[in-house]
Amino acid sequence: MSQYYEASLLEEWNCAKCGAALKPAKVDIAYMGSQFTIELPKCEICGLVLIPESLARGKMAEVEKILEDK
Amino acid sequence: MNFFVCVCLCGSVANKLRKTAEKEFKNMEQKELRETEDKCIQEQPAYCVAACPIHVDVRTLIWQIKQGKWEDARKTLNKTMPFAGILGRICDHPCENHCKRREAGDPVAISALERCCVQKVSLLPKISFLPSKTQKIAILSGGLRSLTAAWDLIRKGYKIHIFTEQNRLGESLWDLPESLLPKEVIEKEFSVLEKLGAQIHLNAEKDMGFFKANPGSKEFDAVYAPPENERFLAPLEMTWLVSPINEALEGRKAAVTIDRQIQKVSLTAGREKEGPYKTRLFTSIENIAPLPLTPMSHPESGYTPEEAIQEAERCLQCQCLECVKACLYLEHFKGYPKKYAREIYNNESIVMGERKGNTLVNSCSLCGLCEVICPNDFSMADVCRNARTSMVKRGKMPPSAHEFALRDMAFSNGEKFALSKHEPGHEKSEYLFFPGCQLSASSPGHVETVYDFLRSHLKGGVGLMLRCCGAPADWAAREEIFQAGLETLEAQWEALGRPKMILVCSTCYSIFKRSLSHINIISLWEILEKYYAFSLSDADKGCLALHDPCTTRHEPQIRETVRSLLKNAGYKIEELKYSGEQTTCCGYGGLMSNANPALAKAVIQRRAEESESDFVAYCAMCRDALSSAGKRTLHLLDILFPSDDADPASQKPPTYSQRHENRARLKEHLCQILWKENVSDMADHEDLMLNIAPEVEKQMDERRILKSDIQKVIRYAEESGNRFYNSKTGHWLAAYQPVNVTYWAEYSVSDSVFVIHNAYCHRMTIAEGKR
Ligand code: SF4
Ligand code: SF4
Ligand code: SF4
Ligand SMILES: [Zn+2]
């Protein structure tokens with residue numbers, strides 16, 4: 001997996017808690033015992049990660065199905 | 001189909017034992033699978049193929065002719081028929097007596113089609129590979145039977161010598177009229193023997209004499225001497241004296257015997273299907289209009305290709321697929337039960353890698369229609385149920401397949417809805433009304449009205465039990481959850497003094513009947529038939545198409561009672577194509593709509609299209625499914641207990657969130673007005689006011705996201721501050737994972753109301769410690 005979000009997300013959204021900007025960061029995501037590293041928008045300070053709808057309903061859903069059938 | 005072995009031995013003996021045990025289990029499973037598979041006779045040969053002495057693949061041949069693929073057709077013929085150019089012209093077609101078409105018109109003119117094919121395409125069989133054997137075989141005749149034996153044996157690699165006293169091969173074939181069998185065809189067809197290496201000894205009186213005198217020749221490993229050849233046709237009447245196709249069969253049989261003798265293997269084993277036999281295939285001719293034979297413009301030269309194609313169109317391409325025609329699920333996966341059973345078995349055996357069969361297993365509605373329709377009682381539901389049980393046991397059930405439905409069930413059996421009480425003011429219950437979770441979710445008002453009706457008509461106390469019967473857990477093969485639900489239900493029923501239970505939903509009915517058989521049950525419809533007072537005006541209220549729920553398939557008395565209630569209420573009933581014992585599922589059964597929402601949608605769409613009339617259903621889920629397909633549908637209770645709603649047939653089904661709310665409110669309301677109890681204990685998150693636009697609400701429903709899920713997200717975001725902010729739109733975005741699914745909500749706040757702009761969810765999680 002590489003970058004699965006639109007770059008504009010980084011400008012549109014801020015971390016509300018820290019007021020900080022979001023930066024692309026490597027994030028580990030896991031399901032059914034498998035783990036992947038992907039790049040996602042993340043708060044520089046507190047580390048809150050944004051999973052956009054397009055990823056959740058697209059690639060992520062696909063991978064979830066494959067892992068469930070494994 | 002599941003076997004769990006626990007062998008705790010050590011060393012090589014143990015290993016060996018374990019291997020043997022595993023193998024044995026595997027064999028048992030295989031045997032079971034074969035028995036299951038064998039019940040589906042879809043792969044059995046067509047009637048014509050089984051009846052053909054040499055089992056020409058007639059069905060394929062005719063299919064190819066129908067499409068004008070003449071060369072392919074000839075190749076099909078060449079595959080099984082020796083010297084197809086000859087036999088294809090003169091076969092005396094015993095198959096036609098068994099052709100299914102004869103039950104709807106004349107049998108298909110199979111031999112005339114073969115003749116047209118070989119007249120149009122003269123293509124000799126292509127043999128690309130010949131095994132090589134050292135043994136020599138003498139064939140003592142040049143007749144069709146002997147040459148067939150020679151042909152089969154050459155292809156097995158034997159060295160063949162053909163002896164004939166005559167100066168050419170073919171014997172009495174040469175007597176046939178030129179118009180039927182041209183001489184050059186005989187020559188050409190038999191030429192393949194020599195091409196493949198047969199030694200042909202013409203005018204071989206001397207050799208023949210020698211073989212007669214010395215039957216046990218040392219030079220040859222086998223000698224084949226057929227009975228004297230006879231004439232094929234009676235010259236004047238042109239009727240067959242000897243059947244050419246049986247000659248070929250006899251030659252073929254002789255070749256098998258000779259080969260087995262030489263190879264020293266059993267002469268008899270596995271030969272049952274040599275020659276004509278009866279197929280186990282079933283082909284329905286219902287709705288097939290009878291058609292007469294296609295006439296031949298020139299009988300002496302046979303069909304023209306155009307005539308042949310027309311005749312080929314009469315072929316029914318016999319197969320079964322009865323269940324597939326009736327069930328969209330079976331059609332959807334593009335196969336038939338025999339194939340599916342094998343796929344599911346293979347799916348089970350996959351240790352690593354993707355199990356493509358999971359969706360197949362989880363999409364069946366377990367409705368039992370196939371078993372009723374199949375001439376052999378094949379039950380796809382049993383296959384899928386067993387597979388689900390085994391998947392759950394092995395921890396291989398995809399979590400997403402049934403989780404939502406199980407959560408729904410947990411809700412119904414939780415404090416928000418579950419209830420079990422005597423009638424107010426009673427210490428005892430003669431009866432116990434069990435409306436079920438779905439009627440309560442979909443028409444809570446009817447639960448109240450019916451309960452009023454029952455209390456005013458039945459003596460001895462009518463208690464009330466609100467909860468789910470456990471069907472979702474049963475369908476999902478979650479045995480533990482299912483049993484736990486039953487135990488609670490039973491204990492509460494005991495505590496109320498073992499009353500007779502009144503059930504509305506036929507799914508509940510089927511669960512009680514099977515798993516709580518000691519509880520005395522009666523369907524609400526039977527009670528209503530007895531106590532409901534119909535107004536005597538026999539006004540004609542019109543006609544309704546009646547949809548029987550699939551769980552009434554084996555409950556004829558319920559189906560009859562419902563029909564009589566409808567008639568008494570002044571309605572005419574339109575029986576759908578699939579009704580009664582053969583009714584179809586609404587797509588909720590077996591949790592189809594959970595595991596495969598798109599298929600469930602197509603299923604109910606097709607059902608809705610079965611009639612133009614308004615539908616009437618007597619299961620809340622069926623009604624809601626039909627309504628969601630845009631079909632005007634009444635529930636039987638809408639008719640018997642009309643509410644203020646002027647047009648109940650147009651009622652939209654509630655969303656999943658509304659279903660929860662309806663249940664919770666029903667309990668609250670009944671407790672308040674009947675038992676004077678206050679049960680409202682809203683959870684923290686539930687006092688958040690949400691404002692959700694209809695499009696967003698619809699999308700949430702499709703994504704199986706409940707309002708309560710979103711309330712939890714917001715409560716969490718507001719309390720923890722963990723959320724994102726979009727300064728351009730002023731929207732917040734936050735996520736929360738109550739159990740397995742992470743929910744996201746994009747919202748804004750206006751006057752302490754939370755406006756929901758979007759909601760989505762996923763199951764993957766951000767790995768621990770990385771957030
Ligand atoms: S009805 Fe279906 S399961 Fe039964 S034999 Fe025919 S194809 Fe097979
Ligand atoms: S209808 Fe066609 S497939 Fe069926 S038995 Fe006749 S020739 Fe064979
Ligand atoms: S949905 Fe019903 S008819 Fe179709 S395969 Fe499953 S049990 Fe059989
Ligand atoms: Zn932050």
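What you see is a predicted model, and the numbers here were worked out from it, not measured in a lab.

The rules behind each value
Residues numbered from 1 in each chain as written. Chains lettered and ligands numbered in written order. Predicted model: local features only at pLDDT ≥ 70, side-chain atom pairs only at ≥ 80, totals over all residues. Heavy atoms only, no water. Near = heavy atom within 4 Å. Nonpolar A, V, L, I, M, F, W, Y, C, P; charged D, E, K, R; others polar. Axes fitted to C-alpha atoms, helices over the stretch in contact; angles between N-to-C directions. Helix = DSSP H or I, 4+ residues; strand = E, 2+ residues; numbered from the N terminus. Left-handed = near helix turned anticlockwise from the far one by under 90°. Contact = heavy atoms within 4.5 Å. 1 Å grid on protein atoms, 1.4 Å probe; cavity = no way out; pocket = protein on both sides within 12 Å on 5 of 7 lines; lining within 4 Å. Points joined across faces, edges and corners; volume = space filled by probe spheres on them. Domains from an automatic or database assignment. Donors = N, O, S within 2.8 Å, 3.2 Å for Na, K, Ca; no water. Tetrahedral: all angles 85-135°; square planar, octahedral: opposite > 155°, others 65-115°. Buried < 20%, exposed > 50% of the residue type's maximum accessible area, 1.4 Å probe, protein only. Sits in = over half its atoms within 2 Å of the grid points. Salt bridge = Lys/Arg side-chain N within 4 Å of Asp/Glu carboxyl O. Pairing = 2+ DSSP bridges. Buried area = accessible area lost by both parts, 1.4 Å probe. Polar contact = N/O pair within 3.5 Å; in protein donor to acceptor, adjacent residues only side chain to side chain. Core = buried A, V, L, I, M, F, W, Y, C linked by side-chain atoms within 4.5 Å.

Glancing now at the site of ligand 1. Residues in contact with ligand 1, as listed here, are Cys40, Ile41, Gln42, Cys320, Leu321, Glu322, Cys323, Pro337, Cys374, Pro375 and Phe378 of chain B. In terms of residue class, the shell around ligand 1 is built from nine nonpolar, one polar and one charged.

Turning next to the packing of helix H20 (residues 444-457) of chain B against helix H30 (residues 656-675) of chain B. Residues and elements named next belong to chain B. Taken N-terminus to C-terminus, the directions of H20 and H30 make an angle of 35 degrees; their axes are 9 Å apart at the nearest point. At the point where H20 passes H30, the crossing takes the right-handed sense. Two secondary-structure elements touch here, H20 through Pro444, Val447, Glu448, Tyr451 and Arg455 and H30 through Asn662, Leu666, His669, Leu670, Ile673, Leu674 and Trp675. Looking at side-chain class alone, the contact of H20 with H30 contains eight nonpolar, two polar and two charged residues.

Before going further, it helps to examine the layout of surface pockets. Residues and elements named next belong to chain B. Roughly 990 Å³ of internal volume is contained in the second largest pocket. Lining the second largest pocket are 34 residues, and of these Phe411, Lys416, His685, Glu686 and Ser708 sit closest to its centre. Broken down by secondary-structure element, the contributors of at least two residues to the lining of the second largest pocket are helix H18 (403-412), H30, strand S14 (689-692) and helix H32 (707-720). If one sorts the elements of the lining of the second largest pocket by residue count, H30 sits on top with seven residues. Tallied by class, the residues present in the lining of the second largest pocket amount to 13 nonpolar, seven polar and 14 charged. A domain split of the lining of the second largest pocket shows at least three residues from each of domain 3 (401-530) and domain 5 (689-762).

Residues and elements named next belong to chain A. Binding of the zinc ion (ligand 4) to the protein goes through Cys15 (SG), Cys18 (SG), Cys43 (SG) and Cys46 (SG), at separations of 2.2 to 2.3 Å. Here the zinc ion (ligand 4) binds four donor atoms, and the angle range of 107 to 114 degrees at the metal identifies the geometry as tetrahedral. Mapped onto the polypeptide sequence, the residues donating to the zinc ion (ligand 4) form the spacing pattern C-x2-C-x24-C-x2-C. With Cys18 in the loop between strand S1 (13-15) and strand S2 (22-31) and Cys46 in the loop between strand S3 (34-43) and helix H2 (53-57), this residue pair connects regions lying 28 residues apart in the sequence. Judged by its relative accessible area of 31%, Cys46 falls in the partly exposed class.

Before going further, it helps to examine the site of ligand 2. All names here are of chain B. Surveying the vicinity of ligand 2 reveals the residues Ala46, Tyr47, Cys48, Arg59, Ile62, Cys99, Lys100, Ile110, Cys315, Leu316, Gln317 and Cys318. A molecule is said to occupy a pocket when more than half its atoms come within 2 Å of that pocket's grid points, and by this definition ligand 2 occupies the second largest cavity. Breaking the shell around ligand 2 down by element, the ones donating at least two residues are helix H2 (47-51) and helix H3 (58-66). Among the residues making up the shell around ligand 2, the classes are represented as nine nonpolar, one polar and two charged.

Our focus in this paragraph is the pattern of salt bridges. All names here are of chain B. Inspection of every chain in the model, using the stated rule, returns 46 salt bridges over all chains. Ionic pairing is found between Arg342 and Glu37, a salt bridge with its closest N-O pair at 2.8 Å. Of the two residues, Arg342 sits in helix H14 (residues 337-349) while Glu37 sits in helix H1 (residues 11-39), which places them 305 residues apart along the sequence. Overall, Arg342 belongs to the partly exposed group, its relative accessible area being 30%. Judged by its relative accessible area of 8%, Glu37 falls in the buried class. The shortest N-O distance in the salt bridge between Asp548 and Arg563 comes to 2.8 Å.

Okay, unusual backbone geometry next. Residue and element names in this part refer to chain B. Residue Leu321 is not a glycine yet carries a positive backbone phi of 50 degrees. Looking at where Leu321 falls in the secondary structure, it is placed in the loop between helix H11 (305-312) and helix H12 (322-326). Even without being a glycine, Lys676 presents a positive backbone phi close to 55 degrees. When you line up the elements, Lys676 lands in the loop between H30 and S14.

If you walk across this open sheet you meet the three strands as S3(A)-S2(A)-S19(B), and the pairing is antiparallel. At either end of the open sheet lies a strand with only one pairing partner, and these are S3 of chain A together with strand S19 (765-766) of chain B. Two elements, S2 of chain A and S3 of chain A, share ten bridges in a ladder whose sense is antiparallel. Looking at the pairing, Ala30 of chain A lines up with Gln35 of chain A of S3 of chain A.

All names here are of chain B. Split into domains, chain B comes out as domain 1 (3-42 + 322-397), domain 2 (45-285), domain 3 (401-530), domain 4 (535-650) and domain 5 (689-762). Just the C-alpha atoms count here: the centres of domain 3 and domain 4 sit 21 Å apart. Facing 27 residues of domain 3, the contacting portion of domain 4 comprises 28 residues. For the pairing of domain 3 and domain 4, the buried interface totals around 2,400 Å² over both sides, and the portion due to carbon and sulfur atoms is 67%. Considering only the surface of domain 3 that becomes buried against domain 4, His446, Trp475 and Trp525 emerge as the three largest contributors, covering 29% of it. Counting every contact that joins domain 3 to domain 4 gives one salt bridge. With its nearest N and O atoms 2.9 Å apart, the salt bridge here joins Lys513 to Glu555. Our count for the contact surface shared by domain 3 and domain 4 stands at eleven residue pairs in polar contact (both at pLDDT 80 or more). Put simply, the parts of the chain that give the side of domain 3 that touches domain 4 at least two residues each are H18, helix H19 (437-442), H20, helix H21 (471-475), helix H23 (506-515) and helix H24 (524-531). The residue inventory of the side of domain 3 that touches domain 4, partitioned by class, reads 14 nonpolar, ten polar and three charged.

Residues and elements named next belong to chain B. With 119 residues, the main nonpolar core has Tyr329, Phe433, Leu454, Met501, Phe512, Trp525 and Leu528 as its most contacted residues. Among the elements that line this core, the one with the most residues is helix H17 (residues 380-393), at six residues. Not counting chain neighbours up to four residues away, the residues in contact with Met501 comprise Leu432, Phe434, Met465, Leu489, Trp493, Phe512, Ile519, Asn520, Ile521 and Ile522. If you look at the next biggest cluster of nonpolar residues, it comprises 79 residues, including Leu77, Trp151, Leu180 and Ala222.

Another aspect to go through is the environment of Glu448 of chain B. All names here are of chain B. Within the element layout of this structure, Glu448 appears in helix H20. The spacing of Glu448 and Cys116 is 332 residues in sequence and 74 Å in space, taken between C-alpha atoms. Beyond its immediate stretch of four places on either side in the chain, Glu448 contacts His669, Leu670 and Ile673.

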